[in-house]
Amino acid sequence: MNTVKVMIVDDHPVVREGLRALLAKTDVARVVAEAGDGREAIDKLRAVDVELVLMDWQLPTMDGLATTTELKKSWPHVKVLMLTNRLDAESVKQAIKAGASGYLLKDVSKDDLERAIQETMDGKTVLHEEAQFQLAAALTATDPIENLTQRERDVFVLLGRGRSNKEIGRELGLTEGTVKGYVSAVLLKTGTADRTQAALLATKLGLV
């Protein structure tokens, strides 16, 4: 894959320096911008071509959640990986709702960060293992489709009908790569492990 243009958003210079050094050791990303708060990040996005943002949650001016929400309104193509020390189901849910493509902890290794960037650019949703556990546990106690967007619900229904990614793409006018990303999001948000479980859940909920 081409080198991903990354912006680091964190209010601690030492953290930004560490992430910059970590990414310099990979072949998948290069840092093109940095920001110490949410407002600065939005301002820099107007001037710099960025493909992916590593976003801290706790930021001055605007926190990472508000920054992600505003960012996705103006630059929906830019991917956001939340990189934080917060680890609770509600925070993970809020980040995904805001448009983040992943949720990682700051102790992430070089290999895991590299893999997360690659998978995010492939349209997948990437979660730290514990964050995934927290989210799945929370979803089992609530409406499993409450957090799905309308397009994700459309994909969920077609999964329930046993459609392949190619068939889903044809019916919804989407590329297979885009469908793959939606399927990943559906599995994550419904707490299902694979397509078969998702199809069974859609049937159980009376969607098909």
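Everything below is about the structure printed above this text.
Residues numbered from 1 in each chain as written. Predicted model: local features only at pLDDT ≥ 70, side-chain atom pairs only at ≥ 80, totals over all residues. Heavy atoms only, no water.

The calculated volume of the largest pocket comes to roughly 550 Å³. Taken together, 21 residues make up the lining of the largest pocket; nearest its centre are G99, S101, E152, Y182 and A185. Listing elements by their share of the lining of the largest pocket, those giving two or more residues are α4 (89-98) and α9 (176-190). A total of six residues in the lining of the largest pocket trace back to one element, the largest contributor, which is α9. Taken together, the residues of the lining of the largest pocket break down into five nonpolar, 10 polar and six charged. (1 Å grid on protein atoms, 1.4 Å probe; cavity = no way out; pocket = protein on both sides within 12 Å on 5 of 7 lines; lining within 4 Å. Points joined across faces, edges and corners; volume = space filled by probe spheres on them. Helix = DSSP H or I, 4+ residues; strand = E, 2+ residues; numbered from the N terminus. Nonpolar A, V, L, I, M, F, W, Y, C, P; charged D, E, K, R; others polar.)

With respect to the helices and strands, I145 occurs in the loop between α6 (129-140) and α7 (150-160). According to the relative accessible area criterion, I145 is buried, its value standing at 11%. In this structure, the C-alpha to C-alpha distance between I145 and T67, residues 78 residues apart in sequence, is 25 Å. (Buried < 20%, exposed > 50% of the residue type's maximum accessible area, 1.4 Å probe, protein only.)

On to the nonpolar core. Across soluble globular proteins, you tend to see nonpolar side chains buried next to one another. Counting 27 residues, the largest nonpolar core has M7, V9, L45, V53, M55, L71 and Y103 as its most contacted members. Only β1 (4-9), β2 (29-35), α2 (38-45), β3 (52-55), α3 (64-74), β4 (79-84) and α4 provide two or more residues apiece to this core. Broken down by element, the residue count for this core peaks at four residues, all from α4. Ignoring any residue separated from it by four or fewer positions in sequence, one finds M55 in contact with V9, G64, T67, T68, L71, V80, L81, M82 and L83. (Core = buried A, V, L, I, M, F, W, Y, C linked by side-chain atoms within 4.5 Å. Contact = heavy atoms within 4.5 Å.)

Another aspect to go through is the environment of L127. Take L127: it is sitting in strand β6 (residues 126-127). A relative accessible area of 14% means that L127 is categorised as buried. Put simply, L127 and L188 are 61 residues apart on the chain and 9.0 Å apart in space, counted from C-alpha to C-alpha.

Let us look at the environment of D10. Of note, D10 is situated in the loop between β1 and α1 (13-24). Remark: the alpha-carbon pair of D10 and D56, spanning 46 residues in sequence, is separated by 5.3 Å. The residues touching D10, leaving out its near neighbours within four places in the chain, are V15, R16, A35, G36, D56, L59 and K106. Of note is the side chain of D10, whose polar atom sits 2.8 Å from the backbone nitrogen of H12. Of the polar contacts made by the side chain of D10, one reaches the side chain of K106; its length is 2.8 Å. (Polar contact = N/O pair within 3.5 Å; in protein donor to acceptor, adjacent residues only side chain to side chain.)

What follows concerns the packing of α1 against helix α5 (residues 110-121). Remark: α1 packs on α5, axes separated minimally by 10 Å, with the N-to-C direction vectors making an angle of 75°. Classified by the interaxial angle, the pair formed by α1 and α5 is roughly perpendicular. For the pair α1 and α5, contact is made by L19, L22 and L23 and by K110, L113 and I117, respectively. Taken together, the residues of the contact of α1 with α5 break down into five nonpolar, no polar and one charged. (Axes fitted to C-alpha atoms, helices over the stretch in contact; angles between N-to-C directions. Parallel < 35°, antiparallel > 145°, perpendicular 65-115°, else oblique.)

On to the sheet that holds β6. On the basis of which strands lie adjacent, the open sheet formed by six strands has the order β2-β1-β3-β4-β5-β6 and parallel pairing. Of all strands in the sheet, those with a lone pairing partner are β2 and β6, marking the two edges. Pairing of β1 with β2, which is carried by six bridges, proceeds in the parallel orientation. Residue pairing for β2: K5 is matched across the bridge by R30. Contacts between α5 and the sheet are confined to β1, β2, β3, β4, β5 (102-105) and β6, with β4 contributing the most and set at about 150° to the helix. (Pairing = 2+ DSSP bridges.)

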